[in-house]
Number of protein chains: 2
Amino acid sequence: MYIILVYDVKQQRVGRMLKLCRRYLHWIQNSVFEGEISEVKLAELLSKARALLDEEEDSVILFKSRTQQWLEKQVLGRERSRLDNIL
Amino acid sequence: MYIILVYDVKQQRVGRMLKLCRRYLHWIQNSVFEGEISEVKLAELLSKARALLDEEEDSVILFKSRTQQWLEKQVLGRERSRLDNIL
């Protein structure tokens, strides 16, 4: 499946959340990640994110699409990170 | 179509970008919006965003899905804004 993940976490947890998400997905913008991921890997990522989050203060939102083909991406202005130089 | 819009713009433009996006989409998290939108309204939003952006410094990324049904949303932690209290 293909996912978009956005997070809004308190300053003291941003570094660890960034590091965690980078291990599973591509960073594309401040607090925004995208990428192909399996159910098993996503479950792993989410359990680690839950362990890290403060459920009262922090927020992580995921949008899951069955395939990347169902999502058309468009960028205005600067593209912070080019996916093709990572793959 | 259903879209997810994320922006990363310089501080001096954040207020105007927030105001602009709020007229077309639902704010769900810091710099993150989602919502149903027509091609015409999206074209309108993007032309206004382009007029506001500094293409060298700012970044807006959109993910378009043909329908909301093709996107499964999951929230960890606090849901900043509940869509149902807006509709």
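Everything numeric in this text was worked out from a predicted model, so none of it was measured. (Residues numbered from 1 in each chain as written. Chains lettered and ligands numbered in written order. Predicted model: local features only at pLDDT ≥ 70, side-chain atom pairs only at ≥ 80, totals over all residues. Heavy atoms only, no water.)

A. Local environment of the UniProt feature "binding site: Mg(2+)" (unreviewed entry) in chain A. Here, the residues flagged by UniProt with the feature "binding site: Mg(2+)" (unreviewed entry) are Asp 8 of chain A. With near-sequence residues (within four places) excluded, Asp 8 of chain A lies in contact with Glu 57, Asp 58 and Ser 59 of chain A together with Gln 29, Asn 30 and Arg 80 of chain B. (UniProt positions renumbered as here; feature names shortened; annotations may be inferred. Contact = heavy atoms within 4.5 Å.)

B. Seen up close, the relation of the copies chain A and chain B. At an RMSD of 0.0 Å, chain A and chain B line up after a rotation of 180° and a shift of 0.0 Å along the axis. Read as a symmetry element, the transformation amounts to a two-fold axis. Looking at the rotation axis and the C-alpha trace of chain A, the residue lying nearest is Trp 70 of chain A, at 3.7 Å. Same-surface contact between copies: 100% of interface residues of chain A are shared with the interface of chain B. (Least-squares fit on C-alpha atoms with pLDDT ≥ 70 in both.)

C. Layout of the interface of chain A and chain B. On the chain B side, the residues contacting the 35 residues of chain A number 35 residues. Across the chain A/chain B interface, buried area totals approximately 3,400 Å², and carbon plus sulfur atoms make up 54% of it. Area buried by chain A at its contact with chain B is led by Phe 63, Gln 74 and Leu 76 of chain A, which between them contribute 21% of it. In this structure, the connection of chain A to chain B is made through 2 salt bridges. Close ionic contact of Lys 64 of chain A with Glu 72 of chain B constitutes a salt bridge, the shortest N to O distance being 3.3 Å. At the junction of chain A with chain B, the criterion picks out 21 residue pairs in polar contact (both at pLDDT 80 or more). Contributions of two or more residues to the side of chain A that touches chain B are made by β1 (2-8), β2 (26-29), β3 (32-36), α2 (39-52), β4 (59-65) and β5 (71-77) of chain A. (Buried area = accessible area lost by both parts, 1.4 Å probe. Salt bridge = Lys/Arg side-chain N within 4 Å of Asp/Glu carboxyl O. Polar contact = N/O pair within 3.5 Å; in protein donor to acceptor, adjacent residues only side chain to side chain. Helix = DSSP H or I, 4+ residues; strand = E, 2+ residues; numbered from the N terminus.)

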